[in-house]
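# Examining the three-dimensional arrangement
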Amino acid sequence: LVSSQETRRILDRIIGFKGREPFVTAIKDIVAGKNTLGACLELEKAEPENVENLYNIAVKLADRQEFEQAIPYYQKVLDLDKENSMGHNDEAEFQIAFFNSRINDDEKPILDYIATSKNDKYIKKAYGQLIRYQKKKKNQERVLELYEEVIKKFPEDAGQMNGFAWYIFKAKIEDKYAR
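Right, let's walk through the structure included here. Being a predicted model, the structure only gives us computed values, none of them experimental. (Residues numbered from 1 in each chain as written. Predicted model: local features only at pLDDT ≥ 70, side-chain atom pairs only at ≥ 80, totals over all residues. Heavy atoms only, no water.)

### Examining the overall build of the chain
- When helices and strands are counted, the chain shows nine helices and zero strands.
- Reading the helices (α) and strands (β) of the chain from amino to carboxyl end gives α-α-α-α-α-α-α-α-α.
- Taken along the three principal axes of its C-alpha coordinates, the chain extends 60 × 40 × 30 Å.
- Here the analysis covers contacts within the chain between residues at least 6 apart in sequence; of these, 38% occur between residues at least 24 apart.
- Of the side chains in the chain, 30 bear a positive and 31 a negative charge, and the two mean positions are spaced by 6 Å. (Helix = DSSP H or I, 4+ residues; strand = E, 2+ residues; numbered from the N terminus. Contact = heavy atoms within 4.5 Å. Lys, Arg positive; Asp, Glu negative; His and termini not counted. Charge placed at Lys NZ, Arg CZ, Asp CG, Glu CD.)

Shown next as structure tokens:
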């Protein structure tokens, strides 16, 4: 949302759509200066160990694709909430690995995450990110390897199988049609 024609200042962003009521609430909050990135950064000055606020900052920075700035906030969430009482640690670990992979153009951080994580939801997301990355690089061989890996780990996941089948079809990889 932009504040006015004269100043053209971004107040905050809304990513995705979760329904009418949450959208209207988010708009009202932004207009009131609540839960915006600016408001969260101000709160951080007064409450530097407020885990929920640090998490909100990390998410807002990530939504803006300011990955390098988001990583330290996700790390603070992990450092301050070792018991995961707020429930953000799995996401924080995933995002740190994903952002480091993206920033450094290197699969290793996300592959390390896959190897050590016990959270199936984020492991699948990690594979999804790797697959998208390799598709973008037009590395068909690596895309096929990654699909085979994820299906081996999650053989009952119809979404993964469907993604693999669709990729084979779209890429016209005839020798894989039987697969």
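Alright, that's what it looks like, and here's the rest.
### Digging into the layout of surface pockets
- Its volume calculated, the largest pocket comes out at about 630 Å³.
- If you trace the largest pocket, you find 21 residues lining it, with Arg13, Lys18, Ala26, Lys60 and Asp63 closest to the centre.
- Of all the secondary-structure elements, those providing two or more residues to the lining of the largest pocket are α1 (20–32) and α3 (51–63).
- Counted by class, the lining of the largest pocket contains nine nonpolar, four polar and eight charged residues.
- The space that makes up the second largest pocket amounts to roughly 260 Å³.
- In this structure, the second largest pocket is lined by Phe98, Ser101, Arg102, Asp105, Asp106, Glu107, Ile110, Gln129, Leu130, Arg132, Tyr133 and Lys136.
- Secondary structure elements with two or more residues in the lining of the second largest pocket: α5 (89–104) and α7 (120–136).
- Here the lining of the second largest pocket is built from residues that sort into four nonpolar, two polar and six charged. (1 Å grid on protein atoms, 1.4 Å probe; cavity = no way out; pocket = protein on both sides within 12 Å on 5 of 7 lines; lining within 4 Å. Points joined across faces, edges and corners; volume = space filled by probe spheres on them. Nonpolar A, V, L, I, M, F, W, Y, C, P; charged D, E, K, R; others polar.)

### Overview of the environment of cysteine 40
- By secondary structure assignment, the location of cysteine 40 is in helix α2 (residues 37–46).
- C-alpha of cysteine 40 to C-alpha of glutamate 52: the two residues are twelve residues apart in sequence and 9.8 Å apart in space.
- Once you skip the residues sitting within four places of it in the chain, cysteine 40 turns out to touch Asn35, Asn53, Asn56, Ile57 and Lys60.

### Here we look at the packing of aromatic side chains
- In the structure shown here, the tally under the stated rule is twelve aromatic pairs.
- Plain terms: the ring middles of phenylalanine 94 and phenylalanine 98 are 6.0 Å apart, the flat faces sit at 5° to each other, and that makes the pair stacked. Residue phenylalanine 94 and its partner phenylalanine 98 are located together in helix α5, separated by four residues, close to a single helical turn.
- Judged by its relative accessible area of 4%, phenylalanine 94 is buried.
- The class of phenylalanine 98 is buried, set by a relative accessible area of 12%.
- With a centroid separation of 5.4 Å and an interplanar angle of 35°, the aromatic rings of phenylalanine 94 and tyrosine 122 are classed as tilted. Here phenylalanine 94, found in helix α5, pairs with tyrosine 122, found in helix α7; they are 28 residues apart in sequence, far enough to count as distant. Tyrosine 122 matches phenylalanine 94 in its accessibility class, with the two residues each being buried.
- Taken together, the aromatic side chains of Tyr55, Phe67, Tyr74, Phe94, Phe98, Phe99, Tyr113 and Tyr122 make up a single cluster linked through ring pairs.
- The ring of tyrosine 73 has lysine 76 sitting right over it, with the charged end atom 4.9 Å from the ring centre.
- For lysine 124, the ring lying beneath its charged end belongs to phenylalanine 154, and the centroid distance is 4.9 Å. (Phe/Tyr/Trp six-rings, centres within 6.5 Å; stacked < 30°, edge-to-face > 60°. Buried < 20%, exposed > 50% of the residue type's maximum accessible area, 1.4 Å probe, protein only. Lys NZ or Arg CZ within 6 Å of the ring centre and 35° of its normal.)

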